[in-house]
Amino acid sequence: MFYREAGQFKPSYAADNQIFPIRQDRIGFAIILALAFVVVPLIATPYTFSAILIPFLIFSLAALGLNILTGYAGQLSLGSAAFMAVGAFASYNFVLRIPGIPVLLAFILGGLCAALVGIAFGLPSLRIRGFYLAAATLATQFFVVWCLTKVQWFTNYSSSGVITAQEMVILGVSFTTPVKKYLLTLCIVCVLALLAKNMVRSNMGRSWMAVRDMDVAAEVIGFRLMRTKLLAFAVSSFYCGVAGALYAYAYLGTVEPEAYNLDLSFRILFMIIIGGVGSILGSFLGSAFIILLPIVLNLIAHGLSLPTNVASNLELMVFGALIIFFLIVEPHGLARLWQIAKEKLRLWPFPY
């Protein structure tokens, strides 16, 4: 790249410095995909797939959906688990009541049903915001779980309310082993994460961020608040609905309302707080942190021979302390810390 000065052309290194990080990020992303698709299936154990990798991917997708709504559109929500439940039960009923429907199509239709529910319960966002909007979405959580519990049609009139998810068969291939479930979940998450990355860079994403920063000014300059907010609720609920379907089919193996309780909504909220609000990478980092932290704390508790009452509450105490830490010290979470570390490593050992 060159710029003109006094009739001469000289190199402009600033432009190159903006290009090289983008290329490096793409190379790093390609390496991560190669490791995830090729290396991990060869070295990971069935326990690692079932207990760590699959829930990590599913929660990353759910956190990504909540991050679109809260991080990019600025609409606080405490009903992520409810939208996951809608996606799971809708997918189950589509497969049950429409013979021969592809499982992937059922997942998409389940996500669309969750999007419709998200639009319906996102209507209060047109009049209220902040804490009051959080309370409205919290009502969504209780209403959806109550509806799925009381209306037995959703559970196919099961006496216990717990039903076994159907087998996932795509193009004649049965996804029953942990490796196959991991690869299917990984493919879905990669596609939706790429779509989310492109959405937040488009006019749609800019409208979300404009409403998040100052909705009155955004409306003045021409953004339609109703369409923008409801679209954010729809996209976020769709991602959570697909994550809920994967949670039932690829991880739990059952479809039950109690699996999508309020605790799950708070866990997803903690993921975006710790990982980074308004960051695609932060959704994955926060999910990995929340999944791995209980395992690490359990090993520490056993290694130090801590009392049972202390060990049982250690996870809650650490979660609370970490949330307070990130809200005060680094509101942008692990994604910002990772960005700072990359900048330092790029300049090391010659910072000047």
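I will try to describe carefully the structure that is included in this document. (Residues numbered from 1 in each chain as written. Predicted model: local features only at pLDDT ≥ 70, side-chain atom pairs only at ≥ 80, totals over all residues. Heavy atoms only, no water.)

**Re the pattern of salt bridges**
Pairing between side chains of opposite charge can happen when their charged atoms approach one another. The following threshold applies: Salt bridges, as used here, are contacts in which a Lys or Arg side-chain nitrogen is within 4 Å of a carboxyl oxygen on Asp or Glu. The rule is simple: take the accessible area with a 1.4 Å probe, protein chains only, and divide by the maximum for that residue type; under 20% is buried, over 50% is exposed, in between is partly exposed. Working definition: helices are DSSP H or I runs of at least four residues, strands are E runs of at least two. Numbering for both runs from the N terminus.
Here the structure, examined in full by the defined rule, presents two salt bridges. A salt bridge links Arg212 to Asp213, with the shortest nitrogen-to-oxygen separation between them at 3.2 Å. Residue Asp213 is classed as exposed on the basis of its relative accessible area of 56%. Between Lys229 and Asp215 there is a salt bridge whose closest N-O contact spans 3.9 Å. Linking Lys229 in helix α9 (residues 225-252) with Asp215 in helix α8 (residues 215-220), this pair joins segments that are 14 residues apart in sequence. For the residue pair Lys229 and Asp215, the accessibility class agrees, reading buried in each case.

**Description of unusual backbone geometry**
A positive phi angle, near 55°, is found at Tyr157, a position not held by glycine. With respect to the helices and strands, the residue Tyr157 is situated in the loop between α5 (131-150) and β3 (163-164). Note on Tyr157: relative accessible area 54%, which makes it exposed. Phi at Leu171 is positive, roughly 55°, even though this residue is not glycine. Mapped onto the elements, Leu171 comes out in the loop between β4 (169-170) and β5 (173-174).

**Comments concerning the packing of helix α2 (residues 46-72) against helix α11 (residues 280-304)**
The condition that has to hold: Fitted lines through C-alpha atoms give the axes, limited to the stretch in contact for helices. The angle between two N-to-C directions lies from 0 to 180 degrees. Should an angle fall under 35 degrees it is called roughly parallel, over 145 degrees roughly antiparallel, and 65 to 115 degrees roughly perpendicular, with every other angle called oblique. Note on convention: near helix rotated counterclockwise from far helix by under a right angle means a left-handed crossing. Clockwise means right-handed. Note on contacts: a residue pair qualifies if any of its non-hydrogen atoms lie within 4.5 Å across the two residues. Here the nonpolar group is Ala, Val, Leu, Ile, Met, Phe, Trp, Tyr, Cys and Pro; Asp, Glu, Lys and Arg are the charged ones; every other residue, Gly included, is treated as polar.
At a minimum axis separation of 8 Å, α2 and α11 run at an interaxial angle of 135°. The pairing of α2 with α11 is recorded here as oblique in orientation. Seen along the crossing, α2 lies across α11 with a hand that is right-handed. Along the contact surface, α2 presents Ile52, Pro55, Phe56, Phe59, Ser60, Ala63, Leu64, Asn67 and Tyr72, while α11 presents Ile280, Ser283, Phe284, Ser287, Ala288, Ile291, Leu292 and Ile295. A breakdown of the residues in the contact of α2 with α11 according to their chemical character gives 13 nonpolar, four polar and no charged.

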